[in-house]
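# Structural characterization, general
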Protein chains: 2
Amino acid sequence: MKSLLIKDANIITQNEQREILRGDVLVEGNIIKRIGTVQGGADEVIDAKGDMLIPGLINTHNHVAMSIMKGVADDVPFPTFLERVFAIDSDRKDEDISIGAQLGLMEMVRSGTTTFVDLYYAEDIIAKAVVESGIRGVLCWAVLDQQYTTQEGVPLDNCKRFHQDHRDEARVTPGIGLQGVYVCSDETFQEAEDFSKRTGALMHFHLSETRKEVYDHKARTGMRPAEHLESIGVLSERCLAAHAAWLTINEVKALGRNGCSVSTCPVSNMKLATGGVAPLPEMFVNGVNVSIGTDGSTTNNSMDMMADMKMLALLQKCYRWDPTVLPAQQVLDLATIGGAKAVGMADSIGSIEIGKKADLVILDGKAPNLRPLRPATMVSNLVYSGNSSNIKTVICDGAVVLRDRKILTFDENEVLDRSEDAIRGLMERGRA
Amino acid sequence: MKSLLIKDANIITQNEQREILRGDVLVEGNIIKRIGTVQGGADEVIDAKGDMLIPGLINTHNHVAMSIMKGVADDVPFPTFLERVFAIDSDRKDEDISIGAQLGLMEMVRSGTTTFVDLYYAEDIIAKAVVESGIRGVLCWAVLDQQYTTQEGVPLDNCKRFHQDHRDEARVTPGIGLQGVYVCSDETFQEAEDFSKRTGALMHFHLSETRKEVYDHKARTGMRPAEHLESIGVLSERCLAAHAAWLTINEVKALGRNGCSVSTCPVSNMKLATGGVAPLPEMFVNGVNVSIGTDGSTTNNSMDMMADMKMLALLQKCYRWDPTVLPAQQVLDLATIGGAKAVGMADSIGSIEIGKKADLVILDGKAPNLRPLRPATMVSNLVYSGNSSNIKTVICDGAVVLRDRKILTFDENEVLDRSEDAIRGLMERGRA
């Protein structure tokens, strides 16, 4: 079994005591075996003297294949945005999805993400790119009512088939990606919940991103979306709701008492100017597990958890007129252990602890923006001063995927060139 | 005269037509001589094939020497913040200021800033670091009433002496740094204005950052701060107001009709949760020139204009519930030509045009987060997808200061180590 030794790092463990240690981490196979002072060598030794070592970041809401579409619908009203994105997106070919996924995966690796949640159709194509990338994907096949979909066949059947085919694949975890109450009937939600209960598959869905969808739903059903989902019995600890921006306190409580997780997407919400700000302080009080999502590249334009940690803290402080809301340590918690819990992997990822999977990110301790680097301010520097230029080396499942800022798993130049061809083709077809 | 040729870049010119060109830029001495296809060589040739070339970014509000204090007062109520920062800051020695300035300058270079505005005491020490760094500083010596200062002597006299000693220094532009209406009497403002009128020196001041300072001032004088400053005749095109967050429309108009500039500091305002959001749309309509400032490291924690461009756009969109507010091109305008105008250098910096100073930044066209890189989405990618990991090479005043991510002007490791010693000493003295 291959061993990997990381020497002399500032280890931000994210263990229960949130310890910051100075020392070594020994990995055997894909598992963290020792933390502290490790004598002797290993098959591979990485000198991380003075660097920061953190758990791989977990991005809990994305549409990774849309990365080639960044910039196509910025700074426009929301209806125009939807129209433009759907026009391009519905015309995509397998090759476009494949190259989009590869490009997005490279972006995530370079900014320290080792696990992400995706919601899209054609997750089988994305799964291939994930396997190749070396990082983890929780891939939630898009499920919606038959009359709204461009998928061939029944979406939930497609989702089940994807689950069947990929459930044993390394680093790929198939999930269910419910588009939202506006295109998913109660029956669709309930059938998905049956499948989730039986298999343990994550139920990932959009929830109350815009004010319009909330009030449309209320006009139609008499209930707000989260109350409604509770009333039909589909909320559980297997649920991960993206956005959750337009919630009442009663809906927050409903999510909390059913053990649900939320993926808050600050950049996406701000950029689309949908008005809602996820009520994180109330979620914390009411036992909702919170994690962070970048959302796809048409609404955020970067899949950069380093940037989004800071953005989230700033948005919450600004919105509440309270600088004590969401301190740096808590932001980092959401991006690591909160994310791990959201995808049902709290026992295996999200912190640097013996027995956990070796998903690790090394940040350059020689970067001026991270210095002075003292234990008292290390987490603060990571969240408020750090950026993805600091990401030097990324390890996932015990294997190095980015070494000294070079991606080892893809031919980067080839992906970059092909991404340009893909978007050009899409734009031309879009005009035709 | 030394010549420098940048080959085959995507040139975001920021000229009046906002042209994006593919081609070369020839620099002779410190001046841009040709843009387009340049035959022949030069003393130094930089291959920028497929890279992005932008004007150096201009950060119009900073306290650069505070960079060693990052993380010392995060996530605390505003009064606690002030108390903690002042306790440490008032005890600083020349060496601490010097090393803080060097560290902050390195942070700025690495994130593409070539000109910054500083407001602090001891600008003579900071000037030395600026000269060494290779970038430009508009250094505004802190001026406030005698009873509020820890400076030896009369602050305005110190400011004048600094101006006298440094006005002919390359890349250093001395200015007047008025702390704010809460510690500067009408006489102090008016004497500063006399000096500014005579010398052309920039009048840089904090304006209406917090709600409290606005209402305290109104209780004391019957007028809001900007109205008051207009009434005593000190507003002019030589004024640069930082923050300007808590303004009425009448105050915006006062700034506009007097030709003032504003430095909006989104991250600082959000992190301190001071509640105000600078009314940028109204400023644009009323002829106020707007630029972007990071503010110092205790309130932002990074001096990263690449990050703050995006943050500003998101804040404005989110606050106004309108995604069309502040599109990407306009954000870039604020960070370049808006900044140049704010410091009275619109004729010499802020865009890539023949005859202007060669302040240039090369961004890595091989970065996945910037791709696909098409002219139609290039500015959008820069603002919404870019980050400082993309900054490869920085040129200021015709000289390379960062080459392939290596700073040429400082011994980086030495500065980093000394920054650690400095903050340790300050914290120990603070405890004593």
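In what follows, the accompanying structure is described. (Residues numbered from 1 in each chain as written. Chains lettered and ligands numbered in written order. Predicted model: local features only at pLDDT ≥ 70, side-chain atom pairs only at ≥ 80, totals over all residues. Heavy atoms only, no water.)

### Considering the packing of helix H11 (residues 305–320) of chain A against helix H13 (residues 378–385) of chain A
Residues and elements named next belong to chain A.
- As a packed pair, H11 and H13 sit with axes 7 Å apart at the nearest point and diverge in direction by 90°. One finds that H11 runs roughly perpendicular with respect to H13. Along its contact with H11, which presents Met306, Met309, Lys310, Ala313 and Lys317, the element H13 presents Leu382, Val383 and Tyr384.
- Classifying every residue of the contact of H11 with H13 by side-chain character gives six nonpolar, no polar and two charged. (Axes fitted to C-alpha atoms, helices over the stretch in contact; angles between N-to-C directions. Helix = DSSP H or I, 4+ residues; strand = E, 2+ residues; numbered from the N terminus. Parallel < 35°, antiparallel > 145°, perpendicular 65-115°, else oblique. Contact = heavy atoms within 4.5 Å. Nonpolar A, V, L, I, M, F, W, Y, C, P; charged D, E, K, R; others polar.)

### Some remarks on the relation of the copies chain B and chain A
- Expressed as a screw operation, the relation of chain B to chain A combines 0.0 Å of axial shift with a rotation of 180°, fitting to an RMSD of 0.0 Å. Interpreted geometrically, this transformation is the action of a two-fold axis. Nearest to the rotation axis, the C-alpha of Ser389(B) is located 1.9 Å from it, this being the minimum over chain B.
- Of the residues that chain B buries at the interface, 100% are likewise interface residues in chain A, meaning the two copies contact each other through the same surface. (Least-squares fit on C-alpha atoms with pLDDT ≥ 70 in both.)

### So, helix H12 (residues 328–342) of chain A
Residues and elements named next belong to chain A.
- With 15 residues, H12 extends 20 Å from end C-alpha to end C-alpha; this agrees with the ideal 21 Å at 1.5 Å per step.
- Taken as a whole, H12 carries its principal kink of about 40° at Leu334.
- Of all the 15 residues making up H12, eleven are buried; the element is thus mostly covered by neighbouring parts of the structure.
- Among the residues of H12, Ala328, Val331, Leu332, Asp333, Leu334, Ala335, Thr336, Gly338, Gly339, Ala340 and Ala342 are the ones counted as buried. (Expected span 1.5 Å × (residues − 1). Bend = angle between axes of the 7 residues up to and from the residue. Buried < 20%, exposed > 50% of the residue type's maximum accessible area, 1.4 Å probe, protein only.)

### Notes on the sheet that holds strand E11 (residues 239–243) of chain B
All names here are of chain B.
- Pairing within the open sheet is parallel, and its eight strands lie in the order E6-E7-E8-E9-E10-E11-E12-E13. Two strands lie at the open edges of the sheet, namely strand E6 (57–62) and strand E13 (289–292), each paired on one side alone. Across the sheet, the mean angle from the axis of one strand to that of its neighbour is 25°, orientation sign disregarded.
- Relative to E13, strand E12 (residues 261–264) runs parallel, the two being bridged by four bridges. Within E13, the position partnered with Ser261 by the bridge is Asn289.
- Its contacts with the sheet put helix H4 (residues 155–166) on strand E8 (136–143) and strand E9 (172–178), and the angle it makes with E8 is roughly 155°. (Pairing = 2+ DSSP bridges.)

### Things to note about the interface of chain B and chain A
- Facing the 62 residues of chain B at the interface are 62 residues of chain A.
- Area buried by chain B at its contact with chain A is led by Asp75(B), Pro368(B) and Arg371(B), which between them contribute 13% of it.
- Run the count over chain B and chain A and you get six salt bridges.
- Across the pair Asp417(B) and Arg371(A) runs a salt bridge whose closest N-O atoms are separated by 3.5 Å.
- Here chain B and chain A share 30 residue pairs in polar contact (both at pLDDT 80 or more) between them.
- Listing elements by their share of the side of chain B that touches chain A, those giving two or more residues are helix H2 (94–110), helix H9 (266–272), helix H11 (305–320), helix H13 (378–385) and helix H14 (412–431) of chain B. (Buried area = accessible area lost by both parts, 1.4 Å probe. Salt bridge = Lys/Arg side-chain N within 4 Å of Asp/Glu carboxyl O. Polar contact = N/O pair within 3.5 Å; in protein donor to acceptor, adjacent residues only side chain to side chain.)

### Topic: the pattern of salt bridges
- Summed over the entire model, instances satisfying the criterion amount to 48 salt bridges over all chains.
- Notably, a salt bridge pairs Lys317(B) with Asp75(A), separated by 2.7 Å at the nearest N-O pair. Placement of the pair is Lys317(B) in helix H11 and Asp75(A) in the loop between strand E6 (57–62) and helix H1 (78–89), with the two residues belonging to separate chains.
- The class for Lys317(B) is buried, based on a relative accessible area of 0%.
- Assessed through its relative accessible area of 17%, Asp75(A) is described here as buried.
- With its nearest N and O atoms 2.8 Å apart, the salt bridge here joins Arg224(A) to Glu251(A). In this pair, Arg224(A) sits in the loop between helix H6 (211–221) and helix H7 (225–231) while Glu251(A) sits in helix H8 (residues 249–257), placing the two residues 27 residues apart along the sequence.
- Glu251(A) gets classed as buried once you look at its relative accessible area, which sits at 0%.
- The network of salt bridges with common partners includes Lys2(A), Glu44(A) and Arg403(A).

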